[in-house]
Amino acid sequence: EKISTLEKEFEEKKIKENLKKEVLDITLPVREVEDAYLHPMTKVQYELQNIFVSMGFAIADGPEIEDDWHCFEALNMPPSHPARQMQDTFYMPDSNDGKEIVLRTQTTCIEVREMLKGKPPFKILTMGKTYRRDFDATHVPMFHQIEAFYVDMGITMANLKFLLIEFCKKFFEVENISSEKDSDSILDELEL
């Protein structure tokens, strides 16, 4: 009986000590929350979207878990195609309708979905996470990809060149990128 009584006393004493240590004063002012910042990747994605939207592109998004047809076969990569070897990874359990499911290996499958919705012209920007197997310690199996897709009558390589130069001017915040310069002088100008 004495042991039981002492155990209860020690237990009550321990509880009281803990209550004294763990005091919560609800009258204290609320702690100031430090400023929150966007992740650098998110900031860059917003910046890229703004640049391409200013050039007339629509933003398109799609699922990260994709079926084999949208990810490969619609892009003319049947199961035996050699280009699939580096991308044909991260398969998921098959869907209920029998389609093979894979983590998307490229954002091009978003463009496939957009083309199936309508008819040209298309001026689409796709970006997002993609997944591929990599073989060395310098790579991870998930990376971000961006694609600009422009299909219309009369579009030429000159349009591509113009878009690339305009993109570089806006993204790197430089004005005098000349198409006559070689790549080394452009990189020097951008301080890369």
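Please refer to the structure placed before this passage.
Residues numbered from 1 in each chain as written. Predicted model: local features only at pLDDT ≥ 70, side-chain atom pairs only at ≥ 80, totals over all residues. Heavy atoms only, no water.

Caption draft 1: Spotlight on the packing of aromatic side chains. Across all of its chains, the model carries six aromatic pairs by this definition. Between F52 and F57, the ring centres sit 5.4 Å apart and the planes meet at 85°, which makes this aromatic pair edge-to-face. Between F122 and F149, the aromatic rings sit 6.2 Å apart at their centres with planes inclined by 35°, giving tilted as the arrangement. Taken as a pair, F122 in strand β5 (residues 122-131) and F149 in strand β6 (residues 142-151) lie far apart in primary sequence, 27 residues in all. This pair shows no difference in class: F122 is buried, exactly as F149 is. Put simply, the rings of F52, F57, Y150, F167, F171 and F172 touch in pairs and so form one group of aromatic residues. Its end group placed over the ring of F57, K123 keeps NZ or CZ at 5.2 Å from the ring centre. (Phe/Tyr/Trp six-rings, centres within 6.5 Å; stacked < 30°, edge-to-face > 60°. Helix = DSSP H or I, 4+ residues; strand = E, 2+ residues; numbered from the N terminus. Buried < 20%, exposed > 50% of the residue type's maximum accessible area, 1.4 Å probe, protein only. Lys NZ or Arg CZ within 6 Å of the ring centre and 35° of its normal.)

Caption draft 2: Region of interest: the nonpolar core. By size, the foremost hydrophobic cluster in this structure holds nine residues: L48, I51, F52, M55, F57, L125, M127, L163 and F167. Going through the elements one at a time, α2 (40-54), β5 and α5 (157-172) are the ones with two or more residues in this core. When residues of this core are assigned to their parent elements, the largest contribution, three residues, is made by α2. Judged by nonpolar contacts, the second largest core, of five residues, contains A60, I110, F122 and I124. (Core = buried A, V, L, I, M, F, W, Y, C linked by side-chain atoms within 4.5 Å.)

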